[in-house]
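Here is how the chains run, residue by residue.
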Amino acid sequence: DVKEAYNCWLQYRKVDNDKLFQLYFKSVAAVSNSLIIQSVIQELELAFHSMYGKGPDISQQIHEQTTLILATYQDIKLADYGLNGDIFQEINDEGYVIKSSKNGDKEAILLIGKTDKGVLYATHHLLRLIQTGETLKELNILESPRNKIRMINQWDNMNGSIERGYAGKSIFYENNKITSNMERIKDYARLLSSVGVNAISINNVNVWKVETNLITNVLLPDVAKIADILRAYGIKTFLSINFASPIEIGDLTTADPLDNDVKQWWKQKVEEIYRYIPDFGGFVVKADSEHRPGPFSYNRNHADGANLLGEALQPFNGIVIWRCFVYNCMQDWRDRSTDRARAAYDHFKPLDGHFLDNVILQIKNGPMDFQVREPVSPLFGALESTNQVLEFQITQEYLGQQRDLCYLVPMWKEVLEFDTYSKGAGSTVKTIVDGSLFSSKISGIASVSNIGNDVNWTGHTLAQANLFGYGRLIWNPDLAAEEISREWIQLTFGNDETVIEQINHMLLDSWGIYENYTTPLGIGWMVNPNHHYGPNVDGYEYSRWGTYHFADRDGIGVDRTMETGTGYTGQYFSPNKEMFNSLDTCPDELLLFFHHVPYTHTLKSGETVIQHYYNSHFKGVEQVEELIARWILLEDKIDSYRFHNVLERLKMQLKNAKEWRDQVNTYFYRKSGIPDEKNRKIY
Ligand code: GCW
């Protein structure tokens, strides 16, 4: 049976407690009504049937029997339930209150949203409490999402493939058409909204020929169907667009952002889109990046390009999300002055303040490309007068491709907690992207999805934790990685303590394990070119992408210091600048990102660099063996489909880890001639 795998964290496992049902859920009053409230009612029906074997009576009026009340705060007499309206001034439009109260002489639970979206999120909060076995007595909860934009980017192509997708084919497209399987999209919307995601771009940022047509009247009716489904779950639809559209689907000969015909073309195009999708979110744009068209062809800059679209979208309150993943991907390996890590800052910092206020820059968390460990992009903190969203990658392109286990929340947390010092101590990334540090008009977080049409959505069942964790973390960045993983395990696998403990260990150790057997000390890459799975130490070393380790017989690492290197460290604020720049203070885990050192350089841990490489690679493999041992303990506690799915993947991971260990160790042993102190087997 694959039901458990498919349902992810919305299991609604049987709760053997009829008393609870009678007490709280027998009679629901949905006082407010809207499309979203209709979805809430559907979800409650489904959940209660599944948990208690029966659905509630549902009415619009509150009466004596009512035990559960759903309403927006204007639709109910708050004072009757001991609530003061002022608390709704403390929360934003998507926030909510959950409160136990009296309805006459009966107990009742109130789910009160600032808007209907709040009711939806409150409902999922309540369902989580039920499933994790928390008490439902004396509830008094106030929640409000910290980030305004909580977005997912699909990298789906219309032929059904997914760029960097590791869980099957697209659920949105097949055979160059929009899918007719709207049920699956609805279930995706349920999953996303249950963790608070409120925006999605539904096609790849690389917008190829067919996808360029998504904004034409041929495909817009079908895009509108998707938007209809997502809207019912509080999710806004965005499209990635091709900057050269005026040429490719219009009849212009230029896409120059300052050309009047081009401006006119986009205005009309946007009007047309809003006729089909009145609440369309806007555009996501990858321009002048990895050979995609952009304003550079016309000697214009990114502000010209983004503002062109911003102006067209403004009358409809649409926004432009303009990606900062811009760098020279045709570098010569002999050229030591060009540094890909510098690129986003060098391109966008000078444009700070030049963007319209419905333009948002989307910045990857690190300066390179989603490696196992990178410093935080120095662009965070450097843009004081420009809206921005942070981009994470849930799909595990460089992190084991959902064959290897890698729970990403701990990594994301480090990024969000990083202090940029841009306005003195406490200028953390999370306060930049939540809009508070620079009082940004719009801001938030976006992330590349990890789902496809595999029955369990994510290929590796435990990779579901990353999608869940992403939503929970960006709702509230102060949650601990471990709180999130525990909650996910309980919702996904139940409340058995052994299950919780073992999986929790596995998840929380997994990022460090992956780092150990791949590329510790911050150097990254060393992967097979193109598909990016498995080791290939020199795979990118002599290619044009600007991703080097510079290993020679004496040492390894990239000198990014101000004195002798690329000067990248100078893009940070003090004291980060000095901290990364100095060999003495640069943290071990990022050493090789910032410095080129001899293999015999001693780390703060006391090991030499080369010995650390040997040790961590041997250790990484042992740790994967431990993961397998932990998982095997759970054989009779987990349904067979999910048990075997994970076991299979763990075995692939072990094979991969051994390959990494052996290739990396051999490579560096041969390069350096320095043997392993412990004399272990190196090929
Ligand atoms: O590094 C690259 C990925 C590409 C991706 C690109 C991007 C969508 O390997 O597959 O293209 O990042 O973020 O634009």
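What you are looking at is a predicted structure, and each value in this text was computed from that prediction instead of being measured.

**Quick notes on the overall build of the chain**
For step 1, the next point in the chain: Counting its regular elements, the chain contains 21 helices and 18 strands.
For step 2, the next point in the chain: Relative to the 2.2 N^0.38 estimate, which gives 26 Å for 683 residues, the radius of gyration of the chain is 26 Å and therefore close to what a compact globule would have.
For step 3, the next point in the chain: By principal-axis analysis of the C-alpha atoms, the chain measures approximately 80 × 65 × 50 Å.
For step 4, the next point in the chain: For the chain, the proportion of its 683 residues judged to be buried stands at 64%.

**Considering the state of the cysteines**
For step 1, the next point in the chain: As enumerated under the stated definition, the model contains zero disulfides in all.
For step 2, the next point in the chain: Considering cysteine sulfurs only, Cys 329 is the nearest to Cys 324, which forms no disulfide, with 16 Å between them.
For step 3, the next point in the chain: Residue Cys 324 is classed as buried on the basis of its relative accessible area, which comes to 4%.
For step 4, the next point in the chain: Cysteine Cys 406 remains unbridged, with the sulfur of Cys 8 as its closest cysteine sulfur at 19 Å.

**Quick look at the packing of aromatic side chains**
For step 1, the next point in the chain: For the structure on display, the rule yields 42 aromatic pairs.
For step 2, the next point in the chain: Taken together, a centroid distance of 4.8 Å and an interplanar angle of 20 degrees make the contact between Tyr 73 and Phe 88 stacked. Of this pair, Tyr 73 sits in the loop between β3 (68-72) and α4 (87-90) while Phe 88 is found in helix α4, placing the two residues 15 residues apart along the sequence.
For step 3, the next point in the chain: Taken together, the ring pairs connect Trp 265, Trp 266, Tyr 274, Phe 280, Phe 283 and Phe 316 into an aromatic cluster.
For step 4, the next point in the chain: Its end group placed over the ring of Trp 457, Arg 184 keeps NZ or CZ at 3.9 Å from the ring centre.
For step 5, the next point in the chain: Between Arg 560 and the ring centre of Phe 593, over which it is positioned, the NZ or CZ distance is 4.2 Å.

**Quick look at the confidence of the model for the chain**
For step 1, the next point in the chain: Confidence along the chain averages 97 in pLDDT terms, with 100% of residues attaining 70 or more.
For step 2, the next point in the chain: Among the scores for the predicted complex, ipTM is 0.99 and pTM is 0.98.

**Thoughts on the side chain of Asp 288**
For step 1, the next point in the chain: Within the element layout of this structure, Asp 288 appears in the loop between β12 (282-285) and α11 (302-313).
For step 2, the next point in the chain: Summary of buried charges: Asp 288 has no salt-bridge partner, and the nearest side chain of opposite charge, Arg 292, is 9.9 Å away.
For step 3, the next point in the chain: Within the structure, Asp 288 has its side chain in polar contact with the backbone nitrogen of Phe 296 (distance 2.8 Å).
For step 4, the next point in the chain: Setting aside chain neighbours within four positions, we find Asp 288 in contact with Pro 293, Gly 294, Pro 295, Phe 296, Ser 297, His 302 and Val 326.

**Topic: the UniProt feature "domain: Alpha glucuronidase N-terminal" (unreviewed entry) in the chain**
For step 1, the next point in the chain: When the UniProt feature table is mapped to this numbering, "domain: Alpha glucuronidase N-terminal" (unreviewed entry) covers residues 8-126.
For step 2, the next point in the chain: Span residues 8-126 is 34% helix and 24% strand, its end C-alpha atoms 17 Å apart.

**A word on the site of the ligand**
For step 1, the next point in the chain: Lining the immediate surroundings of the ligand are 15 residues, of which Glu 163, Lys 286, Lys 364, Asp 369 and Glu 397 lie closest.
For step 2, the next point in the chain: Taking Asn 206, its side chain carries an N or O atom lying 3.2 Å from an oxygen atom of the ligand.
For step 3, the next point in the chain: Considered on its own, the ligand offers 340 Å² of accessible surface; in the complex 97% of this is hidden by protein.
For step 4, the next point in the chain: Residues of the shell around the ligand, tallied by class, amount to four nonpolar, three polar and eight charged.

**Brief notes about the sheet that holds β12**
For step 1, the next point in the chain: The strand order β7-β10-β11-β12-β13-β14-β15-β16 describes a closed barrel built from eight strands, whose pairing is parallel. Each adjacent strand pair in this sheet contributes to an overall mean axis angle of 25 degrees, direction not counted.
For step 2, the next point in the chain: Bridge count between strand β13 (residues 319-323) and strand β14 (residues 359-364): four bridges; the pairing is parallel. Its bridge partner being in β14, Ile 321 is matched across the sheet by Ile 360.
For step 3, the next point in the chain: Each of β11 (236-241), β12, β13 and β14 is contacted by α11, which is oriented at about 160 degrees to β13, the strand it contacts most.
For step 4, the next point in the chain: Sitting on the sheet, helix α15 (residues 464-475) touches β7 (149-153), β15 (387-393) and β16 (443-448), and the angle it makes with β7 is about 160 degrees.

**Examining the packing of helix α10 (residues 260-276) against α11**
For step 1, the next point in the chain: One way to put it is that α10 packs onto α11 with a least axis distance of 8 Å and a crossing angle of 45 degrees. Comparing their axes, α11 and α10 come out oblique. Here α10 and α11 pass one another in a crossing that is right-handed. Only Leu 308, Leu 309, Glu 311, Ala 312 and Leu 313 of α11 make contact with α10, whose side of the interface consists of Val 262, Lys 263, Trp 266, Lys 267, Val 270 and Tyr 274.
For step 2, the next point in the chain: For the contact of α10 with α11, the residue count by class is eight nonpolar, no polar and three charged.

**Remarks on the environment of Asn 175**
For step 1, the next point in the chain: Note that Asn 175 resides in the loop between β8 (173-174) and β9 (177-178).
For step 2, the next point in the chain: The exposed category is assigned to Asn 175, whose relative accessible area is 64%.
For step 3, the next point in the chain: C-alpha separation for the pair Asn 175 and Ser 161, spaced 14 residues apart in sequence, amounts to 9.6 Å.
For step 4, the next point in the chain: In this view, Asn 175 contacts Met 158 and Asn 159; residues no more than four positions away in its chain are not counted.

**What about the sheet that holds strand β4 (residues 96-103)?**
For step 1, the next point in the chain: Strand order in the open sheet made by the six strands is β2-β1-β3-β5-β4-β6, with mixed pairing throughout. What marks the edges here is a single partner per strand, and that holds for β2 (57-59) and β6 (140-143). The sheet shows a mean angle of 20 degrees between the axes of neighbouring strands, direction not considered.
For step 2, the next point in the chain: In this structure, strand β1 (residues 27-30) lies alongside β2, joined through three bridges in parallel fashion. What sits directly across from Ser 27, in β2, is Asp 57.
For step 3, the next point in the chain: Sheet strands in contact with helix α3 (residues 35-52) are β1, β2 and β3, and its direction is about 160 degrees off that of β3.
For step 4, the next point in the chain: Packing against the sheet, helix α5 (residues 116-131) makes contact with β3, β4, β5 (106-113) and β6, and its axis sits at approximately 70 degrees to β4.

**Points about α11**
For step 1, the next point in the chain: Taking 1.5 Å as the rise per residue, α11 with twelve residues should run 16 Å; its terminal C-alpha atoms sit 17 Å apart, in good agreement.
For step 2, the next point in the chain: The buried count for α11 comes to ten of twelve residues, which makes it a mostly enclosed element.
For step 3, the next point in the chain: Within α11, burial applies to His 302, Ala 303, Gly 305, Ala 306, Asn 307, Leu 308, Leu 309, Gly 310, Ala 312 and Leu 313.
For step 4, the next point in the chain: Each element contacted by the buried residues of α11 is listed here: β11, α10, β12, β13, α12 (343-348) and β14.
For step 5, the next point in the chain: For α11, the side-chain oxygen to backbone nitrogen distance between the N-cap and Ala 303 is 2.9 Å, and the N-cap itself is Asn 301.

What counts, and where the lines are drawn
- Residues numbered from 1 in each chain as written.
- Predicted model: local features only at pLDDT ≥ 70, side-chain atom pairs only at ≥ 80, totals over all residues.
- Heavy atoms only, no water.
- Helix = DSSP H or I, 4+ residues; strand = E, 2+ residues; numbered from the N terminus.
- Rg over C-alpha atoms; globule rule 2.2 N^0.38 Å.
- Buried < 20%, exposed > 50% of the residue type's maximum accessible area, 1.4 Å probe, protein only.
- Disulfide = S-S within 2.5 Å.
- Phe/Tyr/Trp six-rings, centres within 6.5 Å; stacked < 30°, edge-to-face > 60°.
- Lys NZ or Arg CZ within 6 Å of the ring centre and 35° of its normal.
- pLDDT = per-residue confidence, 0-100.
- Lys, Arg positive; Asp, Glu negative; His and termini not counted.
- Salt bridge = Lys/Arg side-chain N within 4 Å of Asp/Glu carboxyl O.
- Polar contact = N/O pair within 3.5 Å; in protein donor to acceptor, adjacent residues only side chain to side chain.
- Contact = heavy atoms within 4.5 Å.
- UniProt positions renumbered as here; feature names shortened; annotations may be inferred.
- Near = heavy atom within 4 Å.
- Areas by Shrake-Rupley, 256 points an atom, 1.4 Å probe, with all protein chains shown as cover.
- Nonpolar A, V, L, I, M, F, W, Y, C, P; charged D, E, K, R; others polar.
- Pairing = 2+ DSSP bridges.
- Axes fitted to C-alpha atoms, helices over the stretch in contact; angles between N-to-C directions.
- Parallel < 35°, antiparallel > 145°, perpendicular 65-115°, else oblique.
- Left-handed = near helix turned anticlockwise from the far one by under 90°.
- Expected span 1.5 Å × (residues − 1).

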